[in-house]
Every structure is written in structure tokens, then in C-alpha cells.
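# Notes for the structure review
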Amino acid sequence: MRRWIEGVSRTLRAVLSSSRKADEVAADAVSREEVAQASRLDELSVLLGRAKEALASDQLPLAIELFQQVVASGGFTSEGYYGIGIAARRLGREEEGVAALLAAAASNPPHPEAAFCLAELASAEGREIDARDYYQLAIDVVPTFAGAVLGLGKTEARLGHDEEAAKCYQRAFELSGYPEPGLRYGEWLLVNGDAGRARDVFAAVLKTTPNVAEAEYWLGVAQLALNDVVSAREAFARALAVNPDFVSARTADDFAAIFPARRELRGPRARRPTICLPAMQFRTGWLGGQIYLLNFARILSVLPKAQRPRLVVVVMDDWAERSGFRDIVEELARCEAVIGVFDTQQNPIAATPALRRYLRGDEVASSDRRSRLFDAIDWTFPVLYPSWGMATVPRPIYWIPDFQHRFWPGYFAKEELVARDRDIKALSVRDVPIVFSSADAQSHFAQFYPDARSHSHVWHFHTEPDDLADAADSSQFADLGLPDRFYYTPNQFWQHKDHETLFRGLRLLLDRGCDVTFVCTGSDLRNSSDPYQQRLLALIDELELGDHLRLVGVLPRSLQFELFRRACAIIQPSLFEGWSTVIEDARALGRPMIVSDIPLHREQIEGEAVFFAAQDPASLAEAVAGIDASLAPGPDLVREAAASAQMRRKLEESAASFLAVIGGR
């Protein structure tokens, strides 16, 4: 037994010894493998570092080669694909670059910055659902990726998911402290009526990043909502000190200067109410908006005095230095409904004899009477929709011209799209009146904001024919050197006005042997830095239109009307309108019209024109060729007289319609 035990013990010791040796061999093998792996990782890290250095120094072909080696090695695969994607796209090899980014995002784990790049690319191409998914993928990998959280917020906003967007903005601001997410979150709070929290957010933005003009502006808007007008104006002043061309801040400060306190409003007068016409909003050179003001004043002027509202016009302080706007102000002052024109400091520029007598006296007495005049304002119209936050303005009636940004988003920067939707949404959730120039625009508002609390009205403006008859003298027209027969398009060179179709249609007419001339007024294309206008200029050269296309620049309105009167027909190729001033001017003079077939033109013209398919040069050319032989140049005094009588009735109807707007509110 003892020998058996000793034998077992020897066997056991041998087994244990053998096991220890096996373990030592295995451990040694593992150790060597770990060393080899570590060595490979070190080599790959060095290789990856070299690839990143090549990328950083713009040695792009070398970077791609090195990143490809990284991928082929089987280590740092997502980093390798990401680097290839970035380098290839910088070289203009877009398809290769996107494929590499997709591979990086599909790696395990996904590369967060590759997912972010794909999201940005999808967003730029309008693929918002894809953008949202890629932003979310980046966040899933790195929850503190502030740029991806902000991008997700912007995408949610463009998809109409406002609350989700706000949560992202708040989170991105908490993560980064950067101004943009703070601004977007504060705006959302303000739009939804939480001015106190919005003020605190804007103040926090300015604490982390001083001298942000947009933050100062929105801080001022929040302070206005909280009835702190002094602090609001200080904020607007700081915004303008940073950016003197900040139109929204300038307009807000003007409104706060005119109406320096929120006051208790008595009921508006049913007869002869006083309406403030805030013309200083149109300082940017938007001629259509300026003409809208003039048409409004002229339309109300046709009412009998006992029914006629009193209009108090407010213009920017430098109005006299703006030649085109100065003409509008002078015309406004001649309107029967206008009792006075003032600057933003309430200084009178023009006034009726009765108002001048009222304002007489020493400086103190005159100032007090001016204040009482502005305290007696019953309504303010039109207030452009971006000024929805001007809390001291008495009974604002807002004007939304159209929704072209919804139908032609490619014509706008993404920031502008979001801003327009933000501002219109702000009005939709408030108990305020909104005027639209057409049933078409009103229907779009109902479509996009079905739960709106606001009250919408349609008010059509028209052109005063008597003033149109005051044509420029013949020498001014002769100086333009135009042929006897021409077609006239009086639009600004904006993308939605579609001059491209106009020019291509002219080329087709010339190719058919038609001897026609098109005349355009508008800004000087040859001195424009706008990319679209530069493309138009290149197109003109490419089409070789020669003297068959005359660009005569910006003309005084009286000379424009002379072109209306003398043209064979007016061509309006626009893709989108709220209510076309061009159509109204042409109709007031009884001129033939050739217009794009869009819903608004059908509503406005009621069959009084030749229609062509929008964005179709061949259709435009066919429309012109089909009636060219039957058209004669003007003036046609018989047609003008008939049109004037018809337009007079429309003006009276329009005036009564506006009284119904303020009476029904």
C-alpha cells in the first residue's frame, strides 16, 4: 500500500510538473502573441498617424494610399475609411469619398464623424430623414457630440418637429456653450411665449460669447415682451454697434422709438380710425413692398372723408438720402388719407394744414402733442411678419406676402427657411390678425398651420389709375433709345421671377425669324456680385440676344409707367407671387398681358391675359408669336380710359374690404 501511495504521488508530481511546463509554454506563446499584436498596433498607429499628417498637410493622394494600407491591415478600419472619404472628397472624387464614409459609418463601432459628414451631406441635398438618422447614429456613438446634437435639432426643425428640435438645441447648448444652439433654443422659448426663460438663455449666450449681434437682438425682443423697453433698446443698440446693417435690429429699435411703452388700448374708433403706416420697415430697397404702402394709402384715399381713416406714416430717419424711397414718401404725403409723415423720433416731415395747426407751439408743447397723436393710434398696418415680437406696437395687423420659401426652398439659404417658418409660426400661435394679398396665400397658411389661433384676412390691393396717367415727359423716354415695338418685363432680377425662361424664350423667337425686342427694368446686372444675377448675365452672352434684349436699369416710377403704356404687352414670367404689382399696373392701363400659368395669376387676372406654361421657354415663345401680329404699341387712350373706370370700382371695393378687416377684428 505504501509503495502504491508513493507511486501515485510520483505520478501526480510528474503530471503537475508536466502541466506547469505546458502552462508555461502556453503562457509564453500568449505573451509572444500579445507582444506581436502590440507591435502591429504600434505600427498601425504610426501608419495612421502618418496618414493623418498627410491629410492635414493636403498631401491627399499620399493620405489615401496610407489610409488604404490602414484598412487593408484590418485595424483601425473605421478611421481608415473615414480618412479616405475626407481626402477623396477634397480631391473632388465625390462618389469614392461618400462610399468610404458609408463604410466608416457601417464599421463596428461606427465612426461618429463619418456619420456626421453623411448627415451634413444628406441635409445639403434635402434628404432630411437620412440626415436625421445619421446625426442620431453619431450621437449614439458619442452622446456628447454637440455638433451632431445641434444638427439633429436643425433637421427636426426643418421636418416641423419643433419640440424635438428645441430639446436638441437645449442639449447642444448645455454641452458646448456655443451661441447657435443657445440662440435657437431661446427663439423657440420666445415663440412659445416664455419670454422670461428666453431672456435668461440669450443672456447666457452673451455671457459665454459676448458681442453676438443676433443674441443682443433677441434679448431685446424678449425684454420688450417683458415690458422692459429701456433695456430692450439698449440691447438693440448693442446689436447695431456689432452689426450696423442688422435690419431686424434697426426696425425693432425704430418701433421701440415710435412706441416707447406698452399702453392700455381703448376700443378702436369705428369711424375714421387712425392707422400708423410703418414705412421704415422697407429700408432694404424692396420696391414691391414700398409700392404696396403707396397703393394702400391711395386706396383708402378714395373713401369719402367721413369714412376715410387717418394715416400717420413713419419713415426711417435717413429717408431723404434714399432716392427711390424719397419719391415714395413724396407720393404718400400727397394722398388724401395721409395726415402726416414723421421720422422715428416723431418729428414731422409733412402734415396737413389741420395737423400743422395742432402741432404748433413751443418745443415742449409740440412734443407733447406729437406724443398724444401717436398714443391715439388705433391700428398699425402693415407690420411685416418678422416683427412679430414688437410688443409695444398698438394693434398690429401683420402682412405675410406669400409662401414662396415653402414651394421653392432651393432659392433660399437653409437659415432663411428656418427663420421664415419660425416667424410665421410665432404669429400662428398668437391671437392676432394677419392679412394675405390673395386667397392663394391664405390657403397656403391654412395648409401649413392648420391649428393657427390667428385670424386671417384676404385684402387685394390695386393701382391708382389717375396717378399712372401722369407719365414722364417724352424726352425721358426717348433717351432710352427703344424701338417702337417692344415687350416689357418690370421685375427685379430675383430667381423666382424667372428671367431665364424669358431670355430663352426670346432666343427661340429670334430663331423663328420673329423681329421682337424685350425690355427689362431692374438692377444693373453688370455691377452685381449676386451669383444668380451673374449667371443671368452669362446666359445673355451665351444666347447672343444683342439689341433684342434691352436692360435699362432702375427707372423712376413715372418713366416705368411710360414703358407700360408704350409696350405692345407686358410679360410676367414669375414662378410665385403673393399678388403681383406688375399685373395691377398693367391692368390699370389696359395693357395686354402674357403671363405664366400659376395659381395666383389665375386668381388675380380672371382670364384677361394670354397664359404660358411656367418655366417653359417654348410655351412663352409660342404665346408671344401667337399674338404679336395683332398687338400695337401704346399709348392707347381709349383702353386706358376704360381701364381707369373699371379700376376705380376695384379701388372702392378694396377700400371697403379693408374697413371690413379692421371692423371685423
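Keep in mind it's a predicted model, so treat the numbers as computed, not measured.

### Overview of the UniProt feature "repeat: TPR" (unreviewed entry) in the chain
In this numbering, the UniProt entry assigns the feature "repeat: TPR" (unreviewed entry) to residues 213-246. From the first C-alpha to the last, residues 213-246 spans 8 Å; its make-up is 79% helix and 0% strand.

### Topic: the packing of aromatic side chains
Each aromatic ring pair is characterised by the separation of its centres together with the angle its planes make. Under the definition given, this model contains 30 aromatic pairs. With a centroid separation of 5.4 Å and 50° between ring planes, the pair formed by Y217 and F246 is classed as tilted. Separated by 29 residues along the polypeptide, Y217 in helix α11 (residues 213-225) and F246 in the loop between α12 (229-242) and α13 (247-258) bring together distant segments of the chain. An identical accessibility class is assigned to Y217 and F246; each is buried. Here Y292 and W399 contribute two aromatic rings whose centre-to-centre distance is 3.6 Å and whose plane-to-plane angle is 10°, an arrangement assigned as stacked. Linking Y292 in helix α14 (residues 287-300) with W399 in strand β6 (residues 396-399), this pair joins segments that are 107 residues apart in sequence. You can call Y292 buried: its relative accessible area is 1%. Linked through ring pairs, Y292, F296, F381, W399, W459, F461 and F658 together constitute an aromatic cluster. Seen from the ring of W379, R395 lies directly overhead, with NZ or CZ sitting 5.7 Å from the centre.

### Considerations on the pairing of strand β4 (residues 348-351)
Alignment of strand β3 (residues 338-342) against β4, held across three bridges, turns out to be antiparallel. Its bridge partner being in β4, G340 is matched across the sheet by A351. Between the antiparallel neighbours β3 and β4 lie five residues, among them Q346 with a positive phi of about 70°.

### Structural notes on the pattern of salt bridges
For side chains bearing opposite charge, pairing can occur when the charged atoms are close. A complete count under the given rule lists 36 salt bridges for this structure. Put simply, E125 and R127 hold a salt bridge, and the shortest N to O gap is 2.9 Å. R127 gets classed as partly exposed once you look at its relative accessible area, which sits at 33%. Between R485 and D628 there is a salt bridge, with its nearest N and O atoms 3.3 Å apart. Remark: D628 occurs in the loop between α28 (617-627) and α29 (637-664) and R485 occurs in the loop between α22 (474-478) and β9 (487-489); sequence separation between them is 143 residues.

### Topic: helix α23 (residues 499-511)
Over its 13 residues, α23 extends 18 Å from the first C-alpha to the last, a length consistent with the 18 Å expected when each residue adds 1.5 Å. Among the residues trailing α23, G513 stands out with phi positive, at a value near 90°.

### Regarding the sheet that holds β4
Overall, mixed pairing links the eight strands, which are arranged β4-β3-β2-β1-β5-β6-β7-β8 in an open sheet. In this open sheet, the two edge strands, each paired with only one partner strand, are β4 and β8 (455-458). Between one strand axis and the next, the sheet turns through 25° on average, direction left out of account. Pairing of strand β7 (residues 433-436) with β8 involves four bridges; the strand directions are parallel. Along β8, the bridge assignment pairs I434 with S456.

### Points about the side chain of S428
Among the structural elements, S428 can be located in helix α19 (residues 414-428). Note on S428: relative accessible area 4%, which makes it buried. Only 2.7 Å separates the side chain of S428 from the backbone oxygen of K425, close enough to count as a polar contact. Those residues within four positions of S428 in sequence are excluded, and the remaining contacts are F445, Y449, A452, R453 and S454.

### Some words on the side chain of H499
Within the fold, H499 resides in helix α23. Taking relative accessible area as the criterion, H499 reaches 0% and is therefore assigned buried.

### Quick notes on the pairing of strand β1 (residues 274-278)
The element β1 is largely enclosed, with a buried count of five among its five residues. Of the two faces of β1, the one holding T274, C276 and P278 and the one holding I275 and L277 are both buried throughout. Across two bridges, β1 lies against strand β5 (residues 379-384) in parallel orientation. Across the sheet, C276 pairs through a bridge with T380, a residue of β5.

### A few points about the UniProt feature "domain: Glycosyl transferase family" (unreviewed entry) in the chain
UniProt's feature table lists "domain: Glycosyl transferase family" (unreviewed entry) at residues 486-625, given in the numbering used throughout. Summarising residues 486-625: 43% helix, 14% strand, and an end-to-end C-alpha distance of 13 Å.

### Observations regarding the nonpolar core
The biggest cluster of nonpolar side chains holds 124 residues, and the ones touching the most others in it are L190, Y217, L300, V315 and F658. Ignoring anything within four residues of it in the chain, the contact list for Y217 reads F236, A239, F246, S248, A249, A252, P386 and M390. Core analysis: the next-biggest nonpolar cluster, separate from the first, contains 30 residues, Y487, F503, L510 and A621 among them.

### Notes on the sheet that holds strand β12 (residues 569-572)
The strand order across the open sheet formed by six strands is β11-β10-β9-β12-β13-β14, and the pairing between neighbours is parallel. Only two strands of the sheet have a single partner each, and these edge strands are β11 (549-551) and β14 (610-612). Pairs of neighbouring strands in the sheet enclose a mean axial angle of 25°, with direction left out of account. Inspection of the sheet shows β12 paired to strand β13 (residues 593-596) by three bridges, in the parallel sense. Among the inter-strand pairings, I570 is bridged to a residue of β13, identified as M593. Its contacts with the sheet place α28 against β9, β10 (518-520), β12, β13 and β14, and it is angled at close to 155° to β14.

### Overview of the confidence of the model for the chain
Counting all residues, the mean pLDDT for the chain is 88, and 91% of those residues have values of 70 or more. The model gives residues 1-9 a pLDDT under 50, and that stretch makes zero contacts with residues more than four places away or in other chains. Ignoring residues within four places in sequence, the model shows residues 11-16, a span with pLDDT below 50, making zero contacts including any to other chains.

### Side note on the environment of F561
Of note, F561 is situated in helix α25 (residues 557-566). Using a relative accessible area of 4% as the deciding quantity, one classes F561 as buried. Separated by 162 residues in sequence, F561 and W399 place their C-alpha atoms 26 Å apart.

### Let's talk about the environment of P556
Mapped onto the secondary structure, P556 falls in the loop between β11 and α25. Residue class for P556 comes out partly exposed when judged on its relative accessible area of 38%. With 102 residues separating them in the primary sequence, P556 and F658 have C-alpha atoms 29 Å apart.

### As for the packing of α25 against helix α26 (residues 581-588)
Where α25 meets α26, the closest approach of the two axes is 10 Å, and the angle between their N-to-C directions is 65°. Between α25 and α26 lies a crossing whose hand is right-handed. Contacts between α25 and α26 pair R557, F561 and F564 from the former with V582, D585 and A586 from the latter. Residues of the contact of α25 with α26, tallied by class, amount to four nonpolar, no polar and two charged.

What counts, and where the lines are drawn
- Residues numbered from 1 in each chain as written.
- Predicted model: local features only at pLDDT ≥ 70, side-chain atom pairs only at ≥ 80, totals over all residues.
- Heavy atoms only, no water.
- UniProt positions renumbered as here; feature names shortened; annotations may be inferred.
- Helix = DSSP H or I, 4+ residues; strand = E, 2+ residues; numbered from the N terminus.
- Phe/Tyr/Trp six-rings, centres within 6.5 Å; stacked < 30°, edge-to-face > 60°.
- Buried < 20%, exposed > 50% of the residue type's maximum accessible area, 1.4 Å probe, protein only.
- Lys NZ or Arg CZ within 6 Å of the ring centre and 35° of its normal.
- Pairing = 2+ DSSP bridges.
- Salt bridge = Lys/Arg side-chain N within 4 Å of Asp/Glu carboxyl O.
- Expected span 1.5 Å × (residues − 1).
- Axes fitted to C-alpha atoms, helices over the stretch in contact; angles between N-to-C directions.
- Polar contact = N/O pair within 3.5 Å; in protein donor to acceptor, adjacent residues only side chain to side chain.
- Contact = heavy atoms within 4.5 Å.
- Core = buried A, V, L, I, M, F, W, Y, C linked by side-chain atoms within 4.5 Å.
- pLDDT = per-residue confidence, 0-100.
- Left-handed = near helix turned anticlockwise from the far one by under 90°.
- Nonpolar A, V, L, I, M, F, W, Y, C, P; charged D, E, K, R; others polar.

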